Amino acid sequence: MSQAQTSAGHADKADIFCKDEARVDWHSKALWLLRQKRDRAAAAVPEWEELRTLGSEIKLHTLTHLPQYLEQFEANCQKNGIIVHWAKDGDEHNRIVHEILSQHQVKKLVKSKSMLTEECHLNPYLESKGIEVIDTDLGERIIQLNKQPPSHIVVPAIHLKKEEVGQLFHEKIGTEAGASDPTYLTRAARAHLREQFLTADAGMTGVNMGIAEEGAIVVCTNEGNADMGCNLPKLTLHSMGIDKLIPNKAAASVLLRTLARNAIGQLITTYSSFYHGPKPGGEMHIIIVDNGRSEMLQDKLLAESLKCIRCGGCMNTCPVYRRSGGYSYNYFIPGPIGIAVGSKHDDTNTIPWACTLCGSCTYVCPTKVPLHNIIAYQRRLKAEAGKLPYGKAGYMPMVGKVMSSPTLLNCAMSVARFSLRYLPGSLLKPFAGAWGKYRELPKAPASSFEAWYKKNRSK
Amino acid sequence: MSSKAEMLAALKSVALPEHPMPAIEIAPRLDDLIGQYEASLKACGGTLIKDNAMEALQSQVASLVAEGKQVISRVDAVAGNREVPSDPHALKDINYAVISGQLGVAENGSIWVTEDLAGIRIAPFICENLMLVLKAEDVVANMHQALAKISLDNTGFGVFIAGPSKTADIEQALVIGAHGACTLNVYLI
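Residues numbered from 1 in each chain as written. Chains lettered and ligands numbered in written order. Predicted model: local features only at pLDDT ≥ 70, side-chain atom pairs only at ≥ 80, totals over all residues. Heavy atoms only, no water.

- Chain B is annotated in an unreviewed UniProt entry as LUD domain-containing protein of Shewanella yunxiaonensis.

- If you check an unreviewed UniProt entry, chain A appears there as Lactate utilization protein from Shewanella yunxiaonensis.

Shown next as structure tokens:
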């Protein structure tokens with residue numbers, strides 16, 4: 001998706017989403033509900049802030065000792081009978097996956113939610129090789145049937161209403177026409193997907209944590225789809241970004257306490273599964289993926305975005321995400337963390353501006369990723385690369401010149417005060433651009449701040 | 001150079017200053033562990049049976065078997081009517097699975113179940129209904145205590161199970177019973 005839909009910037013795509021005002025309200029409220037649940041769950045844990053600090057420190061420690069932990073992880077995995085692969089980038093990851101699948105003549109793969117395989121565009125790649133890929137998380141399956149990418153990393157079909165899911169299921173899996181009851185639809189999906197689990201040749205998951213000291217991976221789901229997918233077929237594959245590594249079980253205990261609470265206010269996910277060896281007679285592969293992460297680690301601030309444990313809490317709280325929808329970001333991960341890790345890939349150069357810098361994302365992050373600082377920094381990186389979005393590139397340098405010269409600024413401000421006082425709004429509004437679209441023009445103050453300060457505060 | 005060597009070389013330099021591993025010292029909440037556990041399990045959608053739990057389980061399973069339900073039991077004192085197969089697909093029609101949990105976690109209601117205890121990895125997921133047996137003395141306060149107690153050495157798979165499987169992917173409406181078990185009863189002995 002990040003490759004195909006790059007013609008329109010964030011604001012243009014948000015405009016499309018905002019056309020349906022009732023849906024925007026509904027979307028915003030649905031996500032705010034998750035934020036409220038998160039707040040209640042966090043408040044119920046007295047040591048919550050301590051857990052956030054520990055989460056951040058554990059991740060910083062691992063990120064600054066990655067080579068040693070990756071080698072330890074690999075050695076322990078191999079000791080447990082797991083086959084480990086290394087992939088520099090998405091292409092190599094996909095090739096490795098395809099090689100393993102074709103060696104086993106896999107025709108059907110059941111996959112549990114994995115943002116890394118989205119990042120690598122694995123599904124279309126495998127489909128082009130004639131392998132059927134079934135996403136098995138209910139939300140993922142819905143959007144897969146709807147031929148859409150996820151619009152949220154935890155609740156991928158949050159943008160769809162139950163009537164729309166009902167219609168889709170009616171067309172694709174034969175539910176009754178007009179039926180939209182979530183329990184009925186979920187049960188229908190259960191039956192439909194159970195057939196897929198039982199007939200799949202291989203299962204694949206992402207990884208929530210890789211534990212170096214144990215040679216184990218942790219996979220968290222509420223539905224049990226990862227476990228149905230992995231524990232039926234003989235062959236299982238797991239894709240893991242290098243940022244998912246942690247040193248030991250003690251570290252896992254910290255992150256398992258915050259992940260689900262911060263995501264949706266749940267005490268823990270229904271299933272927190274530790275895979276640390278193939279099943280008897282089975283085969284287990286882990287693919288360790290870099291794909292740009294080591295490059296991010298070369299930048300002090302961008303490196304901190306790799307502390308993220310993908311709980312989605314920053315999206316649920318973000319006032320911009322809630323009102324612009326996941327598809328307005330030109331990256332497969334939307335919201336604050338999507339801007340932090342995806343700005344480089346956004347060729348409209350607009351997503352760093354899909355943010356009010358309110359800092360709410362940073363405030364809720366369970367591993368203290370300084371999201372709003374990274375987003376402000378992404379703006380700087382775009383400016384330094386000469387890649388300001390259309391419009392900004394023209395006027396921002398002028399704004400800079402005016403603001404850095406007291407004479408020019410005073411002059412401009414007195415013209416503005418005069419105009420606001422004496423000229424009609426209809427004449428001035430167009431000068432306010434997009435800002436003025438949903439706002440009234442301000443009342444002009446009696447004097448400049450400088451004059452006021454001189455009179456009242458100087459000496 | 002292999003991809004592994006390239007990746008490790010690229011990771012030799014990191015802009016962040018080296019950071020020590022923090023000490024994780026969180027005091028567990030030890031008051032009324034069973035009460036905490038029961039409340040957490042309820043919040044996860046599970047049910048705790050604590051009065052004469054083993055007898056309750058045995059008579060429940062006996063009547064299920066009499067009804068012709070397909071029951072697999074991994075608990076010695078409980079007699080099911082199906083064996084653990086070597087092919088996990090053979091369990092596709094299982095109505096009930098009875099399995100022992102190794103420990104329970106008061107703060108979140110979860111129970112640690114291993115491949116050994118389940119007999120076959122798929123058992124706690126593919127059954128329509130899951131019955132877990134837990135010893136009262138095996139309830140710990142929090143995840144820090146739980147993970148310190150479990151060992152990943154002798155079995156290739158283990159899972160913390162907190163309640164029946166669930167989803168809220170359609171308009172955030174909570175639906176119990178996604179792909180895994182639709183009910184979870186915990187028998188505390």
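Now that the structure has been shown, we can carry on.
**Focus: the overall build of chain B**
Step number 1: Within chain B one finds six helices and eleven strands.
Step number 2: For chain B, with 189 residues in total, the buried portion stands at 51%.
Step number 3: Partitioning the contacts of chain B with sequence separation of at least 6, the portion at a separation of at least 24 is 70%.
Step number 4: Surface exposure of chain B reaches about 7,700 Å², of which carbon and sulfur atoms provide 49%. (Helix = DSSP H or I, 4+ residues; strand = E, 2+ residues; numbered from the N terminus. Buried < 20%, exposed > 50% of the residue type's maximum accessible area, 1.4 Å probe, protein only. Contact = heavy atoms within 4.5 Å. Areas by Shrake-Rupley, 256 points an atom, 1.4 Å probe, with all protein chains shown as cover.)

**Structural notes on the overall build of chain A**
Step number 1: A tally of regular secondary structure across chain A gives 24 helices and ten strands.
Step number 2: On C-alpha atoms alone, chain A measures out to a radius of gyration of 25 Å, which is about the 23 Å that the 2.2 N^0.38 rule sets for 459 residues.
Step number 3: Overall, chain A is about 85 × 55 × 45 Å in size when its C-alpha atoms are taken along their principal axes.
Step number 4: Counting only contacts in chain A whose residues sit at least 6 apart along the sequence, the fraction spanning at least 24 positions is 74%. (Rg over C-alpha atoms; globule rule 2.2 N^0.38 Å.)

**A few points about the UniProt feature "domain: LUD" (unreviewed entry) in chain B**
Step number 1: Under the UniProt annotation, the feature "domain: LUD" (unreviewed entry) is placed at residues 94-189 of chain B.
Step number 2: Helix makes up 16% of residues 94-189 of chain B and strand 36%, whereas the separation of the span's terminal C-alpha atoms amounts to 24 Å. (UniProt positions renumbered as here; feature names shortened; annotations may be inferred.)

**Comments concerning the pairing of strand β11 (residues 183-188) of chain B**
Step number 1: Relative to β11(B), strand β1 (residues 47-49) of chain B runs parallel, the two being bridged by three bridges. Within β11(B), the position partnered with B:Leu48 by the bridge is B:Val186. (Pairing = 2+ DSSP bridges.)

**Let's talk about the sheet that holds strand β6 (residues 129-134) of chain B**
Strands pair in a sheet through their backbones, by hydrogen bonds, and they do so in one of two ways: parallel or antiparallel.
Residue and element names in this part refer to chain B.
Step number 1: Strand order in the open sheet made by the five strands is β1-β11-β6-β3-β2, with parallel pairing throughout. Each having just a single partner strand, β1 and β2 (71-73) make up the two edges of the open sheet. For this sheet, the mean inter-axis angle between neighbouring strands, taken without regard to orientation, is 20 degrees.
Step number 2: Pairing analysis gives five bridges linking strand β3 (residues 96-100) to β6, with the strands arranged parallel. (Axes fitted to C-alpha atoms, helices over the stretch in contact; angles between N-to-C directions.)

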